[in-house]
Amino acid sequence: MRKIIILIGHGDIPYDFPKDKLKEYFKLRLLKRKGKKFKEIEEILRRWERNENNDKHYFDLKKLSEEIEKEIKIKTDFAFNEFCYPNIFEKFEEIKDEFDEIYFVSTFILNGKHTYEIKNKIEELKNNYKDKKIFYIPLKKEFLREFFIKNIKEFI
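Here's a quick rundown of the structure.

Thresholds applied
Residues numbered from 1 in each chain as written. Predicted model: local features only at pLDDT ≥ 70, side-chain atom pairs only at ≥ 80, totals over all residues. Heavy atoms only, no water. Helix = DSSP H or I, 4+ residues; strand = E, 2+ residues; numbered from the N terminus. Contact = heavy atoms within 4.5 Å. Phe/Tyr/Trp six-rings, centres within 6.5 Å; stacked < 30°, edge-to-face > 60°. Lys NZ or Arg CZ within 6 Å of the ring centre and 35° of its normal. Buried < 20%, exposed > 50% of the residue type's maximum accessible area, 1.4 Å probe, protein only. Axes fitted to C-alpha atoms, helices over the stretch in contact; angles between N-to-C directions. Left-handed = near helix turned anticlockwise from the far one by under 90°. Nonpolar A, V, L, I, M, F, W, Y, C, P; charged D, E, K, R; others polar.

## Some thoughts on the side chain of Asp77
So, point 1. As for its position among the elements, Asp77 is in strand E2 (residues 75-80).
So, point 2. With residues near it in sequence (within four places) discarded, Asp77 still touches Ile4, Ile5, Ile6, Leu7, Ser65 and Lys91.

See the structure below:
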């Protein structure tokens, strides 16, 4: 079986995205007016050219996916929950014909609104693509505990 791991990041707004467009985007988002103008600005934002100076999050996630792939020898890529291309559905469309087993791994370390959004999106994919083996791999709390304790101990 051909397997792939997809790391899911939050997504970030590039530092050089025009402030006037960003203000308008959040105003429309806050007012829940997600019509044509909102979608237009959102698409510009999501497809904004990313570089290491304007979106560190994007490149950190990209590098992490490369390091995981090298270590565990399973194709690893990434997608975003918001603000960046590709989102979870777009990434799935890119890879669905090439892989039989797809493992989505959230990089969100604590549960919250976005974690549930991601789980729901993956459930939607599972329901719509029953011929695919689609999995969600949550972060285990005991690993998080150890991660934080180890990290804190290095600085104290």
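## Side note on the packing of aromatic side chains
So, point 1. Tallied over the entire structure, the rule returns twelve aromatic pairs.
So, point 2. Aromatic pair Phe78 and Phe80: ring centres 5.7 Å apart, planes at 75°, arrangement edge-to-face.
So, point 3. Through a chain of ring-to-ring contacts, the aromatic side chains of Tyr25, Phe26, Phe38 and Phe83 assemble into a single cluster.
So, point 4. One residue, Arg47, lies across the ring of Tyr85, its end atom 3.9 Å from the ring centre.

## What to know about unusual backbone geometry
So, point 1. Residue Tyr85 is joined to Pro86 through a cis peptide bond whose omega torsion reads 0°.
So, point 2. Tracing the backbone through its elements, the reader meets Pro86 in the loop between E2 and helix H4 (88-95).
So, point 3. Residues other than glycine seldom take positive phi values, yet Lys73 does so here, at roughly 60°.
So, point 4. Mapped onto the elements of the fold, Lys73 is located in the loop between helix H3 (56-72) and E2.
So, point 5. In this structure, Phe83 takes a positive phi of about 70° despite not being glycine.
So, point 6. Looking at the element boundaries, Phe83 is found in the loop between E2 and H4.
So, point 7. Residue Phe83 is classed as buried on the basis of its relative accessible area, which comes to 8%.

## Things to note about the packing of H4 against helix H5 (residues 113-128)
So, point 1. One way to put it is that H4 packs onto H5 with a least axis distance of 10 Å and a crossing angle of 35°. As H4 packs across H5, the resulting crossing turns out to be right-handed. Where H4 abuts H5, its residues Ile88, Phe89 and Phe92 lie against Ile118, Lys121, Glu124 and Leu125.
So, point 2. Broken down by class, the residue content of the contact of H4 with H5 amounts to five nonpolar, no polar and two charged.

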